[in-house]
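# Structure at a glance
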Amino acid sequence: MKFFVDTAEIDAIAELNALGMVDGVTTNPSLIAKSGRDIMEVTREICDMVSGPVSAEVVALDAETMIKEGRKLTEIAENIAVKVPLTWDGLQACKTLSDEGKMVNVTLCFSANQALLAAKAGATFISPFIGRLDDINIDGLDLIADIREIYDNYGFETEILAASIRTVNHMSECAKIGADVATAPPAVIKSMANHVLTDKGLAGFVKDIEKAGITIL
Ligand code: E4P
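Here's what I pulled together on the structure shown here. Model, not experiment: these values are computed from the prediction.

## A short note on the overall build of the protein chain
- Across its full length, the protein chain holds 11 helices and eight strands.
- The principal-axis extents of the C-alpha atoms in the protein chain amount to approximately 70 × 40 × 30 Å.
- Counting the 217 residues in the protein chain, one finds 46% classified as buried.
- Sequence separation of at least 24 residues holds for 57% of the intrachain contacts in the protein chain that already meet a minimum separation of 6.
- Entry remark: accessible area of the protein chain is about 11,300 Å², with carbon and sulfur atoms responsible for 54%.

Structure below.
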């Protein structure tokens, strides 16, 4: 499973990138607003650092303007994936931009039918939102499994980009289901390293190292 980082914070991307943990980056208007940076400028900086797909989202709601915005965003770098919302206009923009050879990430997906439409429209990535479904008492992981089954039934090449990930459990479950990509905030990715028994085991070793005065260097 590929790891995308769900942030527009340059320092956080750089830290994970140095460890080879970054296969791509996803941003959205809320993350850009949180960064306080200009969308074109911060996106360019991310693309300079990361060679994998970098999703940058359009802000228009009509297909014609989304297409213009998508073309402008793809001028930033070759690895831009234009992010469009899963609306009828978004699907039209997806079809046009993907026919032009641009990567398109269709976002705000909350149903298997929406994912089916995105694949038919030529999406490179479909972004089902796990956490926001969990928030309304619908199991978001079930949606990932449904889309996996449907895409495999028909050989759709659209990659399942599990999004709105809030917990480390989401990460391992997505990997078990077979999501192609998971995009998560930096804190969630770093938390995957944590285990209470690792901490407990290390504390025991440290105690014995001090007691026995073990040194290596
Ligand atoms: C990424 O592509 C999505 O925009 C993001 O994962 C949404 O996450 P949220 O539901 O935590 O805002």
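Once the structure has been displayed, the description carries forward.
## Examining the side chain of Asn79
- Mapped onto the elements, Asn79 comes out in the loop between helix 4 (63-74) and strand 4 (80-85).
- A distance of 2.9 Å separates the side chain of Asn79 from the backbone oxygen of Gly52, its partner in a polar contact.
- Excluding residues that lie within four positions of it along the chain, Asn79 makes contacts with Cys47, Val50, Ser51, Gly52, Pro53, Val54 and Met103.

## Topic: unusual backbone geometry
- Backbone geometry places Leu108, a non-glycine residue, at a positive phi of 60°.
- Positionally, Leu108 belongs in strand 5 (residues 103-109).

## What to know about the packing of helix 8 (residues 140-154) against helix 9 (residues 168-177)
- Put simply, helix 8 and helix 9 touch, their axes get as near as 10 Å, and they point 20° apart. One finds that helix 8 runs roughly parallel with respect to helix 9. For helix 8 against helix 9, the interelement crossing comes out right-handed. Residues Leu141, Ile144, Ala145 and Arg148 of helix 8 pack against His170, Glu173, Cys174 and Ile177 of helix 9.
- The residue makeup of the contact of helix 8 with helix 9, split by class, is five nonpolar, one polar and two charged.

## Considering the site of the ligand
- Around the ligand, the surrounding shell consists of Asp6, Thr26, Asn28, Lys83, Phe129, Arg132, Ala163, Ser164, Arg166 and Thr183.
- Within the contact set of the ligand, an oxygen atom lies 2.6 Å away from a side-chain nitrogen or oxygen of Asp6.
- Between the ligand and the protein, one listed contact pairs an oxygen atom with a side-chain N or O atom of Arg132 at 2.7 Å.
- Protein contacts shield 85% of the accessible area of the ligand, which totals 350 Å² for the unbound molecule.
- Residues that form the shell around the ligand fall into these classes: two nonpolar, four polar and four charged.

## Thoughts on the sheet that holds strand 4
- With respect to topology, eight strands assemble into a closed barrel ordered 1-2-3-4-5-6-7-8, the strand pairing being parallel. Within the sheet, the average angular offset between the axes of one strand and its neighbour, ignoring direction, is 30°.
- In terms of strand pairing, strand 1 (residues 2-6) meets strand 8 (residues 181-184) through four bridges, oriented parallel. Bridge pairing in strand 8 places Phe4 opposite Thr183.
- Each of strand 2 (24-26), strand 3 (54-57) and strand 4 is contacted by helix 3 (residues 39-49), which is oriented at about 170° to strand 3, the strand it contacts most.

## Remarks on the packing of aromatic side chains
- Taken as a whole, this structure holds four aromatic pairs when the rule is applied.
- Taken together, a centroid distance of 5.7 Å and an interplanar angle of 75° make the contact between Phe4 and Phe125 edge-to-face. Note that Phe4 is positioned in strand 1 and Phe125 in strand 6 (residues 125-128), a separation of 121 residues in sequence.
- Between Tyr154 and Phe156, the aromatic rings sit 6.3 Å apart at their centres with planes inclined by 55°, giving tilted as the arrangement.
- Residue class for Phe156 comes out partly exposed when judged on its relative accessible area of 22%.

Conventions used here
Residues numbered from 1 in each chain as written. Predicted model: local features only at pLDDT ≥ 70, side-chain atom pairs only at ≥ 80, totals over all residues. Heavy atoms only, no water. Helix = DSSP H or I, 4+ residues; strand = E, 2+ residues; numbered from the N terminus. Buried < 20%, exposed > 50% of the residue type's maximum accessible area, 1.4 Å probe, protein only. Contact = heavy atoms within 4.5 Å. Areas by Shrake-Rupley, 256 points an atom, 1.4 Å probe, with all protein chains shown as cover. Polar contact = N/O pair within 3.5 Å; in protein donor to acceptor, adjacent residues only side chain to side chain. Axes fitted to C-alpha atoms, helices over the stretch in contact; angles between N-to-C directions. Parallel < 35°, antiparallel > 145°, perpendicular 65-115°, else oblique. Left-handed = near helix turned anticlockwise from the far one by under 90°. Nonpolar A, V, L, I, M, F, W, Y, C, P; charged D, E, K, R; others polar. Near = heavy atom within 4 Å. Pairing = 2+ DSSP bridges. Phe/Tyr/Trp six-rings, centres within 6.5 Å; stacked < 30°, edge-to-face > 60°.

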